[in-house]
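What the coordinates show
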Amino acid sequence: DNEESVLYWAAKNDIPVFCPALTDGSVGDMIYFHSYKRPGFVLDIARDIRGINDLAVQSYATGQLILGGGLVKHHTCNANLMRNGADYSV
């Protein structure tokens with residue numbers, strides 16, 4: 001209940017927060033695709049990759065503001081790749 005916390009405000013406003021480190025790269029892509037082929041497949045890390053990819057795929061338009069690099073940038077770009085790229089990117 002710390003109002004100075006980013007997670008507090010995300011939860012209060014129903015904004016998803018993802019932690020994609022375990023699904024970085026092609027392993028995450030394979031988990032994502034496999035989770036649709038086998039709907040009963042359950043692996044906690046699949047929920048994150050599926051959530052971020054589905055959010056991108058189901059969006060009318062997406063944009064990216066990339067500052068720096070690394071894991072977060074990779075997952076943002078990768079999720080948009082599932083929808084044939086972001087509409088806007090800086």
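Being a predicted model, the structure only gives us computed values, none of them experimental. (Residues numbered from 1 in each chain as written. Predicted model: local features only at pLDDT ≥ 70, side-chain atom pairs only at ≥ 80, totals over all residues. Heavy atoms only, no water.)

**Details of the confidence of the model for the protein**
- With 100% of its residues at a pLDDT of 70 or more, the protein shows a mean pLDDT of 89.
- Of all helices and strands in the protein, the one with the weakest mean pLDDT is helix α2 (residues 26-37) (86), whereas strand β2 (residues 88-89) scores best (96). (pLDDT = per-residue confidence, 0-100. Helix = DSSP H or I, 4+ residues; strand = E, 2+ residues; numbered from the N terminus.)

**Things to note about the packing of helix α3 (residues 44-57) against helix α4 (residues 71-81)**
- Their axes nearest at 8 Å, the elements α3 and α4 cross at an angle of 55 degrees. One finds that α3 runs oblique with respect to α4. In this structure, the crossing between α3 and α4 has a hand that is right-handed. Contact with α3, carried on its side by I49, I52, N53 and A56, involves H75, A79 and N80 of α4 and no other residues of that element.
- Grouping the constituent residues of the contact of α3 with α4 by class yields four nonpolar, three polar and no charged. (Axes fitted to C-alpha atoms, helices over the stretch in contact; angles between N-to-C directions. Parallel < 35°, antiparallel > 145°, perpendicular 65-115°, else oblique. Left-handed = near helix turned anticlockwise from the far one by under 90°. Contact = heavy atoms within 4.5 Å. Nonpolar A, V, L, I, M, F, W, Y, C, P; charged D, E, K, R; others polar.)

**Thoughts on the layout of surface pockets**
- There is about 220 Å³ of room inside the largest pocket.
- Forming the boundary of the largest pocket are F18, P20, I52, L55, A56, T62, G63, V72, H75, T76, A79 and N80.
- Taken together, the elements giving at least two residues each to the lining of the largest pocket come down to α3 and α4.
- Ranked by residue count, the leading element in the lining of the largest pocket is α4, at five residues.
- Class assignment for the residues of the lining of the largest pocket results in seven nonpolar, five polar and no charged. (1 Å grid on protein atoms, 1.4 Å probe; cavity = no way out; pocket = protein on both sides within 12 Å on 5 of 7 lines; lining within 4 Å. Points joined across faces, edges and corners; volume = space filled by probe spheres on them.)

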